[in-house]
Structure formats: C-alpha cells, structure tokens
Amino acid sequence: MSGYPHIRPRRLRSAPWVRNLVRETVISPADFIQPLFVVEGSGIQRPIPALPGVDHLAIDRVVDVAKAAHGLGIPAIALFPVIAPELKTPDGKIALDPDGLVPRCVRAVKAAVPEIGIMCDVALDPYTDHGHDGLFVDGDVVNDATVEVLVRQALTLAEAGCDVVAPSDMMDGRIGAIRAALEQGGYVNTLILSYAVKYASVFYGPFRAAVGSASALGVKGKHTYQMDGANVIEALKEVELDVAEGADMVMVKPGMPYLDVIAAVKARVNVPVLAYQVSGEYAMLAAGAAAGAFDFLGVLRESMISFKRAGASAILTYGALQLARELPHGR
Ligand code: PBG
C-alpha cells in the first residue's frame, strides 16, 4: 500500500491554503537589513549606476529612509560612507574622526528613529587612498597595526551610538581586541557582527564602484586577507575563532554562491548566522530583470527564501526596502 497512487505529493500543493500551511521557510521584512550609502551634503539622493534602485544619500535622506524602513518592519540598516577622494589617506585616519560622516549619520538616525538598529562596517577601505581594508606596508596589509586602528574605529562608532559594529576587514584577532576595548569602554551592549567568512570575491565590484574604493587595488586584490572561495574548512575555523573571541553573530559573504557555506556554518555554531547578498549578486538580479529574463521582486523573494532555507537568520540585501513593501509585516 505504499507509493503512488495512495501517496500523491501534489495533494499538498493543490491550493494556496495548503501550500501556506505546510511551507517550511517563510520570509518577512524582519529578516532583512538594508545597506545604505551615505554622502556629504543635504537633500542628496543620487542613483548609483552600478546598483539600479540604490541611491547615494545625504544624512537627511538616510534619516527619511530609516523611518520608512522602520515603518515597513525592517529591523536594521547598515551604513557605508562615500568619502571624498581628497580626504582619503594611506592610513585612513579620517575613519577615527568622531565627527566624521558615519558618526554624524548614526547620531542623526538615532535621534529621529531610535527604534531601528544601526550597523556599521569596521574596516578602512572607504577611507584609504589605496582602497585596502587596513594599513598597507611593502605590498601587503599588516595585521597587528591594523587591528589597533580598527579597535579605535569600533570605539568611535560605539561612542556615536552604533548598535552593531561589523568588522569586515578579515584581520586575525580583531574580534577579541574589539570586544575587550568595548568592555573596557563601558559599551557592554554593543553587538559585534563578525564578517567571519568573507571571501575574496569579484561580486564586490558594484560596491567598490559605489564607495570609490576600487581604483588603486591593483592585481593583488585582497587575497592575502579575504578568504579563498574554494575553502569551507577554513570558514569553520574563522567562525569558531570569532565566536570564541566574542562575536555575537557571524556573517557569510557573498551569499548566493556560498549557500553551502551558510549551511555548514549554521550546523556548527550556536550564534546567529547572517548572510550578505552582495552588490554583484543584486546587480546580477537587476540586470537579469532589466533584460526581461525574470521579474525582479520575484527573483529577489526567491533568493531570500534560499538564504533562510540554507540557515541564515537575517540577510543584508540592497533589495530590503523594495521587497519589504511587497511582504506582510511581522513574522
Ligand atoms: C569593505 C566591504 C566590502 C563590502 C562590504 N564591506 C567590499 C570589499 O571588501 O572590498 C562588499 C559589499 C558588497 O559588495 O555589497 N570591507
């Protein structure tokens, strides 16, 4: 009595009500984090050619968008600065300015929309004239001296009111050093989201164009600190180290080409695993939709379900606002 015709899997797909009833993975706006690119000035909202549907925003516009995001049920935003080329230096020291673009933006959003979580990258690439994430000496990024600067950057962000510091630099030992400094500074509730598993990826292209960090990277790229896309065991090691050093959450990045890594990490650790649908992934979906290959929101939604099915607790996606407008609120 087993098998067809007694068992017809299609019965469970026969109507919307039963599909809704048995769906294993759901997405809602509460799963998304919206990355935003901040520029100096006021009233500016300028489309980013490399990222259709995403804009460069002055701080006042970031505040507007943060309000809209909160209204749609998106729990958090992630801020990325676009620094004027003349302010970039080899040591990226403007990253430590308490009145810099990001700290000012954090304070403005906190004042206007205190309920939304604010996440900020800890890394020097938007601020250095060479575009690397740390101090570049004799053809490579030096680890320990970079960690010292990153600690100060993280403290600057925490002081401004940033809720989540997100080291995206891939230096060794930075999570422990940042956690110790946050504790010592009294920032006991500042979360650390470690970009624990960040691969050296060509999918970051549109992001680097958007923040203007690509120009000087050269052929070597970031391969001496970002991970080799071929490695999963190494991903597990990175995650275990960062959790032991005090990371509250870990991230896998890029996302869609690395869903297997998300699943492997999820199976191994007892902290939330986040994923980043990076700029090149978003641009790919937008380009496909523009070419008529598929519906943009449909493909975006399907990609979000894939992330959650793989084990991601939340997803950074440039499409967060667009998709949240299409989804019901709450979980
Ligand atoms: C900087 C940083 C990068 C991204 C997030 N933080 C780029 C890089 O490492 O070169 C990429 C995000 C994206 O492509 O959407 N450390």
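Details of the structure are given in the entry above.
Just so you know, the residues in each chain are numbered from 1, in the order the chain's sequence is written. Given that the model is predicted, a residue must reach a pLDDT of at least 70 before its local features are reported, and side-chain atom pairs must reach 80 or more before they are shown or counted; all residues, however, enter totals for whole chains, interfaces and linings. To obtain the side-chain values, all non-hydrogen atoms of the structure were used and water was disregarded.

**Student:** Go over the pairing of strand 12 (residues 314-317) with me, naming the residues and quoting the values.
**Tutor:** Because side chains alternate across strand 12, one face comprises the buried residues A314 and L316, and the other comprises I315 and T317, equally buried. Sheet analysis places strand 11 (residues 273-277) next to strand 12, joined by four bridges and oriented parallel. Pairing of L274 across the sheet is with A314, part of strand 12. Residue exposure (1.4 Å probe, protein chains only): buried if accessible area is under 20% of the type maximum, exposed if over 50%, otherwise partly exposed. Think of it this way: any DSSP run of H or I at least four residues long counts as a helix, any run of E at least two long counts as a strand, and we number them from the N terminus. Any two strands are treated as partners once DSSP identifies two or more bridges connecting them.

**Student:** Run through the site of the ligand, naming residues and quoting values.
**Tutor:** Around the ligand, the structure places 18 residues, and the nearest of them are K198, R208, K253, S279 and Y318. Under the rule applied, a polar contact is a pair of N or O atoms within 3.5 Å (in protein, one hydrogen donor and one hydrogen acceptor; residues adjacent in sequence only if both atoms are side-chain atoms). Interatomic distance of 2.6 Å between a side-chain N/O atom of R208 and an oxygen atom of the ligand. We call Asp, Glu, Lys and Arg charged. Ala, Val, Leu, Ile, Met, Phe, Trp, Tyr, Cys and Pro are nonpolar, and the rest, Gly among them, are polar. Within the shell around the ligand, the residues separate by chemical class into eight nonpolar, three polar and seven charged. Here, proximity means that at least one heavy atom of the residue falls within 4 Å of the molecule or strand.

**Student:** Lay out the environment of M284 with the relevant residues and their values.
**Tutor:** Relative to the helices and strands, M284 is located in helix 9 (residues 279-290). For M284, a relative accessible area of 42% translates into the label partly exposed. Sequence separation between M284 and F203 is 81 residues; the distance between their C-alpha atoms is 9.3 Å.

**Student:** Would you mind going over the packing of aromatic side chains in detail, with residue names and values included?
**Tutor:** Between the rings of Phe, Tyr and Trp (Trp by its six-membered ring), a pair exists once the centres lie within 6.5 Å; its type follows the angle of the planes, with under 30 degrees stacked, over 60 edge-to-face, and the other angles tilted. Within this structure, the stated rule accounts for nine aromatic pairs. Ring centres 5.7 Å apart and planes at 55 degrees place the aromatic pair F37 and F207 in the tilted group. In this pair, F37 is assigned in strand 1 (residues 32-39) and F207 in helix 6 (residues 205-211), connecting sequence segments 170 residues apart. Classification of F37 by relative accessible area gives buried; the value is 0%. Taken together, F37, F80, Y195, F207, Y276, Y282, F296 and Y318 form an aromatic cluster joined through their ring pairs. The ring of Y195 is capped by K198, whose NZ or CZ atom sits 5.4 Å from the centre of that ring. A ring is scored as having a charge over it whenever the NZ atom of a lysine or the CZ atom of an arginine sits within 6 Å of its centre and within 35 degrees of its normal.

**Student:** Give me the lowdown on the environment of L124, citing residues and values where you can.
**Tutor:** Among the secondary structure elements, L124 is positioned in the loop between strand 5 (117-122) and strand 6 (136-137). Residue L124 is classed as buried on the basis of its relative accessible area of 0%. L124 sits 28 residues away from L96 along the chain, and the two C-alpha atoms are 9.8 Å apart. Ignoring sequence-local partners within four residues, the contact set of L124 consists of D91, G92, A95, H132, D133, G134, L135, V149, L150 and Q153. Between two residues, a contact is recorded if the distance between any of their heavy atoms is within 4.5 Å.

**Student:** So what's going on with the nonpolar core? Residues and values would help.
**Tutor:** For the purposes of this section, nonpolar cores are sets of buried Ala, Val, Leu, Ile, Met, Phe, Trp, Tyr and Cys residues that join through side-chain atoms within 4.5 Å. Ranked by internal contacts, the top residues of the largest apolar core, which has 112 residues, are F37, L79, V197 and V265. Broken down by element, this core gets its largest block of residues, eight residues, from helix 4 (residues 143-160). The residues contacting L79, other than those within four sequence positions of it, are L36, V38, V62, C105, V106, I118, M119, C120 and D121.

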